[in-house]
Amino acid sequence: MKRDFEPKITAFCCEHSGLPSADMAVESEFVYPEGVNIIKIPCSGKVEAIHIMRALEEGDGVAIFACHKEACQFLRGNLRTEAKVTYISKILREIGIEKERVQMYFLAPSNGVKFARTLRVFYKNLKDLGPNAGRKEL
Amino acid sequence: MKREVSKIGIFIYDCESKLKNVLSISEVCSKLEGLGFVCFESPASHFNEAMSDFEKYLKDNEMLKVVIAGCDSRSKEQIFKNSLKKVGLSPYWVNFVNLNEAIGYKEKKKATEKAINLVTQAAKWIEMQEIIGTQKVLLNQKVLVLGGGIAGIETALTLTEGGLDVILIEETSHLGGGAVAVENLKGLVKSKIEALVNEKKVRVINSSHLVDLDGHVGRFTARVEGEQKLIFEVGAVVVATGNELILPIQELDESSGSLAIGQKDLENRLSLSKDVPQRVCFLIDLVDEDLKISTQVLLKQALAVKEKFGSDVICLCRDLKVSFDGGEKLYEKAQEAGVLFFKYTKKPKIAFSDEIVKTSLINEDYPHEKLVFESDLLVVNEKIMPGRGSNALAESLSVDLDSKGFFQSDNVKLLPTFSSRRGIFFVGGCRLPQNINETLSEARATAAEIFSFLSKEEIELDLTSAKIDSDKCILCLTCIRTCPHRAIVVDQEEETAKVIPLACQSCGICVSECPVVAIELPLYTNAQIIGQLNDVVGEAG
Ligand code: SF4
Ligand code: SF4
């Protein structure tokens, strides 16, 4: 299994920027890695710490796609999430999981290219990190 | 939970055989049938055919909930929802899958697996979807407009065209706002004011201001003070308090007299054909460097002064922004006419003495050299400031100001005049410095938006808003503080926080902030989201 390790990524996509970008990426065939599970949420501010932790139990990395900082549909929802991500990276450090496994990215509503590129880079980084020790079935 | 999967229909369609080439739709279908869902594969190859297939499918099968999987289904959501409505299915009991997500997979087997995964996830999500209730709400059909400038007047007039009553509050003793001071707008403003005062549906109250706003969209209570104290019940509030212009020169004093004027003053002089002196120096970009409008006005005025009065015209600017329509041409024309342009990076020095303005700056080409210009008139672009009292007003409205102190729109991608609170709008210069045409169209668009939700006295509201479990709530007030739309209030009697459905925009921020997990968003429950995480491994892991 370790030999050809394929990182599993959960991507939380806010309905206002992440999701349209994801749709655009697949429509325009901007290739992003297999094994990405896209989960739609109304605003990145809806992502809870528990969702991120649970996603880490099931996979190797979590990406949160939010609107650009000044352009959050719901004003500051993205900033709250950013604070949450910082908080989570602290917990992760304590339990010995690389904090790089949780990333937050800011996107414009239809930036399929960036969406795909970001995920490709994230995928590669995860591949370098190796399988997530905190993952359930490992 | 009792599973009634047989009542969940799965409808899969292809576009121009895009999917067929990469995955096996029939395999997806048989797998889902195996899980107990009713699956239908549309043989259509075009969206329109798929649509009629879908309608037939709905008629033939007694479905409760549906998953629609295709290659562009999310963008076609509304069309599908409309046909669901026709057969009486709830638009909330449908979920969409974009199978394009599976297309990138190299192997057919993996792509098919991914597709199965996607559809199953969507089906599980919709399976958990509770029914969305509705609630009747009464709306107050009056609108409060703050500000009697051109933006406020135009909004009020358009609202009355739609049949709504308007209360217009003006701080000063007269209507017209900043536009009355602009010569070539006077006529327009006058006719608008006339129309307004003759309109029976509008009540104008001068010399007054808002002190407090309570309630929420559809039911605001506004306290107004001025010559008398008044209380109004309104359904929406429009802020049109405009902005102010100041000359951004610290050196101004008694002796400077009218040696330095703003672009707007010059505009008035030009349209009144008043005299302009022999030597004119324009100095722009002292402030608001990101505004194109100052360059636009500069070029127009410099050329006009040169052509009409034959003055010596010198223009000092940090950055000429000629990207507006015809800008490049205008610049060339001004140069040909003999207008001189100089660039500065360090702010020029200005000195007034004996009816003369001296402006000195560093020569950009020879930095050790100083350039000094003497002129009889200095024209600068005014700094546009938020209207006086914006701070206090923002506070009584519980809305935000941007970093420069203007009213902050909620989302520039939607109608820019939406504020963060539903039912409150910012129109005109109080939100963004703009020209008259922009203001007028913004006013009309906003009035139309208000009309679209206040045109009925009573509406039936779908309760997709956040829900607070009063048994769990410990009244810590976190949600009230974090809700960006002020949609949560304290219910004193029940001792719980309560969401106002009409004001809630279903963003879910309160849900993730509540420390005791007392809040749930009906269309995005925790169980639904966590269910999505489990599935990934369950199927494909
Ligand atoms: S979901 Fe919560 S935070 Fe968002 S608008 Fe509604 S009440 Fe406010
Ligand atoms: S955050 Fe939760 S516990 Fe606190 S007031 Fe709101 S609903 Fe009640």
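These lines cover the structure that appears in this document, whether it is placed above or below. Treat the numbers as computed from the prediction; the structure is a model and nothing was measured.

Conventions we followed
- Residues numbered from 1 in each chain as written.
- Chains lettered and ligands numbered in written order.
- Predicted model: local features only at pLDDT ≥ 70, side-chain atom pairs only at ≥ 80, totals over all residues.
- Heavy atoms only, no water.
- Near = heavy atom within 4 Å.
- Nonpolar A, V, L, I, M, F, W, Y, C, P; charged D, E, K, R; others polar.
- Axes fitted to C-alpha atoms, helices over the stretch in contact; angles between N-to-C directions.
- Helix = DSSP H or I, 4+ residues; strand = E, 2+ residues; numbered from the N terminus.
- Parallel < 35°, antiparallel > 145°, perpendicular 65-115°, else oblique.
- Left-handed = near helix turned anticlockwise from the far one by under 90°.
- Contact = heavy atoms within 4.5 Å.
- Salt bridge = Lys/Arg side-chain N within 4 Å of Asp/Glu carboxyl O.
- Buried < 20%, exposed > 50% of the residue type's maximum accessible area, 1.4 Å probe, protein only.
- Pairing = 2+ DSSP bridges.
- Disulfide = S-S within 2.5 Å.

Lining the immediate environment of ligand 1, one finds A466, C483, P484, H485, A487, I488, C504, Q505, S506, C507, G508 and C510 of chain B. Of the residues assigned to the shell around ligand 1, the class counts are eight nonpolar, four polar and no charged.

Next up on the list: the packing of helix α2 (residues 47-60) of chain B against helix α3 (residues 77-86) of chain B. Two numbers describe a pair of packed helices, the interaxial angle and the distance between the axes. Residue and element names in this part refer to chain B. Axis separation between α2 and α3 bottoms out at 10 Å; the angle between their running directions is 25°. Here α3 runs roughly parallel to α2, going by the angle between their axes. At the point where α2 passes α3, the crossing takes the right-handed sense. Residues F47, M51, F54, E55 and L58 of α2 lie in contact with α3, whose contacting residues are I79, F80, S83, L84 and K86. Grouping the amino acids of the contact of α2 with α3 by side-chain chemistry returns seven nonpolar, one polar and two charged.

This next bit is on the pattern of salt bridges. Charged atoms that come close allow side chains of opposite charge to pair. Tallied over the entire structure, the rule returns 24 salt bridges over all chains. Note that K84 of chain A is salt-bridged to E513 of chain B, the shortest N-O span being 4.0 Å. Taken together, the residues K84 of chain A in helix α3 (residues 77-94) and E513 of chain B in helix α14 (residues 509-513) connect one chain to another. Across the pair, exposure class does not vary: K84 of chain A and E513 of chain B are buried alike. As a salt-bridge pair, R444 of chain B and E154 of chain B come within 2.6 Å of each other at their nearest N and O atoms. A residue pair is termed long-range when its members are at least 10 positions apart, and R444 of chain B in helix α12 (residues 436-454) and E154 of chain B in helix α6 (residues 150-161) qualify at 290 residues. Owing to a relative accessible area of 38%, R444 of chain B belongs among the partly exposed residues under this scheme.

Attention now goes to helix α8 (residues 263-271) of chain B. Buried residues of α8 of chain B: Q263, L266, N268 and L270 of chain B, and no others. Trailing α8 of chain B by a residue or two, S273 of chain B shows a phi angle of about 55°, which is positive.

The next thing to look at is the site of ligand 2. Ligand 2 sits among 13 residues. The nearest are C473, C476, L477, C479 and C514 of chain B. In terms of residue class, the shell around ligand 2 is built from twelve nonpolar, one polar and no charged.

Residues and elements named next belong to chain B. Reading across from one edge, β8-β7-β6-β12-β23 is the order of the five strands in this open sheet, with parallel pairing throughout. Since the sheet does not close on itself, it has two edges, and those belong to β8 (202-205) and β23 (424-426), each with one partner. For this sheet the average axis-to-axis angle between neighbouring strands, irrespective of direction, equals 15°. Of the strand pairs in this sheet, strand β7 (residues 165-169) and β8 are connected by four bridges, and their pairing is parallel. Within the sheet, the bridge partner assigned to L168 lies in β8 and is V204.

The next point concerns the state of the cysteines. All chains considered together, the criterion is met by one disulfide over all chains. Each sulfur of the disulfide joining C29 of chain B and C39 of chain B lies 2.3 Å from the other. Taking the torsion about the S-S bond as the criterion, the C29 of chain B to C39 of chain B disulfide, at about -75°, is left-handed. One end of the pair, C29 of chain B, is in helix α1 (residues 25-34); the other, C39 of chain B, is in strand β2 (residues 38-41), with ten residues separating them in the sequence. C14 of chain A provides the cysteine sulfur closest to C13 of chain A, a residue in no disulfide bond, and the two sulfurs are 8.2 Å apart. For C13 of chain A, a relative accessible area of 0% corresponds to the buried category.

By themselves, these figures tell us nothing about what the structure is for.
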